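Below are the chains, spelled out letter by letter.
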Amino acid sequence: MALAALLALAVPAQAQTDPLPSWNDGAAKQAIIGFVTETTTPGSLQFVPPAERIATFDQDGTLWVEHPMYSQVMYILERVPALVKAKPELAKVAPYSTVLEILRGDRAAIAKLTLPDLEKLAAATLTGMPVDTFNAEVKKWLAEAKDPRWKKPYTELTYLPMQEVLNYLRDNGYKTWIVTGGGQDFVRQYSEQVYGIPREQVVGTASGTKYGYAKDGKPFLTKEAKLLLNDNNAGKPEGIHLMVGRRPVLAVGNSTGDRQMLEYTKAGDGARLSMIVLHDDATREYAYGPAQGLPATKIGAFTQALYDQATKQRWTVISMKNDWKRIFAWEP
């Protein structure tokens, strides 16, 4: 009877100490917990010294929602009316005229925007201003902007299961980094508040800055339209080397843009864990691939070739539908 009583008490105690309560029991959850246990237990053959416990995470589609469009792209598009107001002639010139169509409700017009168009729009809305001005404008937008589907701030669309992984890793001596194709300065405005990741642990696409003086003699930096780092594809491991200085032992992504980061992580010596999120839950979030017969997309594509590579190289594929009990913190 005494043993039965102890066991009865142990079950709820164990449940309370589950580091990943929003995850279903399965291979993905077991891979994370097993990896952390093995790499942080002194005497383990897979033990990783604290200084080398580096974990890198893509952001869009890995830590928060990226459909129907990346949040930073929405920020760029919503800055266009101010440009047109200052220069009315732009209203009849593409890609500015296309953006105005999109903002008037023609979502199909998004398909008209090419990569050079987005680069042109980014240069017009993200550069040519003091860094402090840009930071203030981003913070203001984030406080006011709402996602069109859930009518919530973008900063509330982070994935609860991934937030649990970030906390679990940090509780076990890991340093967590965001490594994103998004703008470094943009993500740094909310990384600490939203993810608990300090701005100095954000590696992203970065433009140059120019040092100068205001009329009162106060020094300041101006954002320039000069690309320093394209932190996507091969740029991710290159950026990690530049900014982090250590190869990650754990990395998580969700698309073809993360392939090289996952390869680079897995290729290191000793314990390594590369994970990739598959968006296969159209009801609770979105479903897109085209891996596993899911709908094709230009936003965060996860191809069948990438899925096959993940299987061959023993990356852990996270099924949003099967592995996550809850997706958002505000869900019942």
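Residues numbered from 1 in each chain as written. Predicted model: local features only at pLDDT ≥ 70, side-chain atom pairs only at ≥ 80, totals over all residues. Heavy atoms only, no water.

Caption draft 1: Geometry of the overall build of the protein. Secondary structure assignment for the protein yields 13 helices and 7 strands. The C-alpha atoms of the protein give a radius of gyration of 22 Å, which matches the 20 Å a tight globule of 332 residues would have. Split into buried and exposed, the 332 residues of the protein put 49% on the buried side. Pairs at least 24 residues apart make up 64% of the contacts formed inside the protein by residues separated by at least 6 positions. Counting only carbon and sulfur atoms, one obtains 56% of the accessible surface of the protein, whose full area is about 16,300 Å². Mean positive and mean negative side-chain charge positions of the protein (38 and 36 charges, respectively) differ by 3 Å. (Helix = DSSP H or I, 4+ residues; strand = E, 2+ residues; numbered from the N terminus. Rg over C-alpha atoms; globule rule 2.2 N^0.38 Å. Buried < 20%, exposed > 50% of the residue type's maximum accessible area, 1.4 Å probe, protein only. Contact = heavy atoms within 4.5 Å. Areas by Shrake-Rupley, 256 points an atom, 1.4 Å probe, with all protein chains shown as cover. Lys, Arg positive; Asp, Glu negative; His and termini not counted. Charge placed at Lys NZ, Arg CZ, Asp CG, Glu CD.)

Caption draft 2: Local environment of the sheet that holds strand 3 (residues 202-213). Pairing is mixed across the open sheet formed by 7 strands, whose spatial order is 4-3-2-1-5-6-7. Because the sheet does not close on itself, it has two edges, and the strands there are strand 4 (219-229) and strand 7 (316-319). Strand-to-strand twist in this sheet, taken as the mean axis angle between neighbours without regard to direction, amounts to 30°. Two strands pair when backbone bridges link them, and strand 5 (residues 250-253) and strand 6 (residues 273-278) are joined in this way by 4 bridges, in the parallel orientation. Note on strand 6: the bridge partner recorded for Leu250 is Leu273. Along the sheet, helix 11 (residues 259-266) contacts strand 1 (54-57), strand 2 (175-183), strand 5 and strand 6; its crossing angle with strand 5, the most-contacted strand, is approximately 160°. (Pairing = 2+ DSSP bridges. Axes fitted to C-alpha atoms, helices over the stretch in contact; angles between N-to-C directions.)

Caption draft 3: Just helix 6 (residues 131-144), in detail. Across its 14 residues, helix 6 extends 20 Å between first and last C-alpha, which sits within 8% of the 20 Å expected from 1.5 Å per residue. Taken as a whole, helix 6 has its buried residues at Val131, Phe134, Asn135, Val138, Trp141 and Leu142. Buried residues in helix 6, looked at end-on, bunch into an arc of 130°, giving them a common side. Exposed residues on helix 6 whose side chains face more than 90 degrees from its buried face are Asp132, Lys140, Ala143 and Glu144. (Expected span 1.5 Å × (residues − 1). Arc of directions from axis to C-beta.)

Caption draft 4: Geometry of empty space enclosed by the protein. Inspection of the entire model under this criterion finds 1 cavity of 30 Å³ or more. Computed from the structure, the largest cavity encloses a volume of approximately 80 Å³. Lining of the largest cavity is provided by Trp64, Val65, His67, Pro68, Met69, Ser71, Met74, Arg107, Asp147, Pro148, Tyr154 and Leu157. Partitioned by chemical class, the residues of the lining of the largest cavity number 8 nonpolar, 2 polar and 2 charged. (1 Å grid on protein atoms, 1.4 Å probe; cavity = no way out; pocket = protein on both sides within 12 Å on 5 of 7 lines; lining within 4 Å. Points joined across faces, edges and corners; volume = space filled by probe spheres on them. Nonpolar A, V, L, I, M, F, W, Y, C, P; charged D, E, K, R; others polar.)

Caption draft 5: Representation of the packing of aromatic side chains within the structure. This model, assessed by the stated rule, comprises 17 aromatic pairs. Considering the side-chain rings of Trp141 and Tyr154, the 5.3 Å spacing of their centres and the 15° angle between planes classify their relative orientation as stacked. Taken together, the residues Trp141 in helix 6 and Tyr154 in the loop between helix 6 and helix 7 (160-171) connect sequence positions 13 residues apart. By relative accessible area, which is 6% here, Tyr154 ends up buried. Here the aromatic rings of Phe328 and Trp330 are separated by 4.8 Å at their centres, their planes lie at 5°, and the arrangement is stacked. (Phe/Tyr/Trp six-rings, centres within 6.5 Å; stacked < 30°, edge-to-face > 60°.)

Caption draft 6: Spotlight on the pattern of salt bridges. Counted according to the given criterion, the structure contains 11 salt bridges. For Arg79, the salt bridge is made with Glu137, and the minimal N-O distance between the two is 3.2 Å. Remark: Glu137 occurs in helix 6 and Arg79 occurs in helix 3 (residues 71-86); sequence separation between them is 58 residues. Notably, a salt bridge pairs Arg284 with Asp281, separated by 2.7 Å at the nearest N-O pair. Connected via shared salt-bridge partners are Asp18, Asp25 and Lys29. (Salt bridge = Lys/Arg side-chain N within 4 Å of Asp/Glu carboxyl O.)

Caption draft 7: Just the side chain of Gln260, in detail. Counting through the fold element by element, Gln260 comes out in helix 11. Excluding residues that lie within four positions of it along the chain, Gln260 makes contacts with Asn233, Ala234 and Pro237.

Caption draft 8: Main features of the environment of Thr39. With respect to the element layout, Thr39 can be found in helix 2 (residues 27-40). In this structure the C-alpha to C-alpha distance between Thr39 and Arg79, which are 40 residues apart in sequence, comes to 46 Å. In contact with Thr39, other than residues within four places in its own chain, are Gln46, Phe47, Val48, Arg53, Tyr174 and Ala271. Engagement of the side chain of Thr39 in a polar contact is seen with the side chain of Tyr174, the distance being 2.7 Å. (Polar contact = N/O pair within 3.5 Å; in protein donor to acceptor, adjacent residues only side chain to side chain.)

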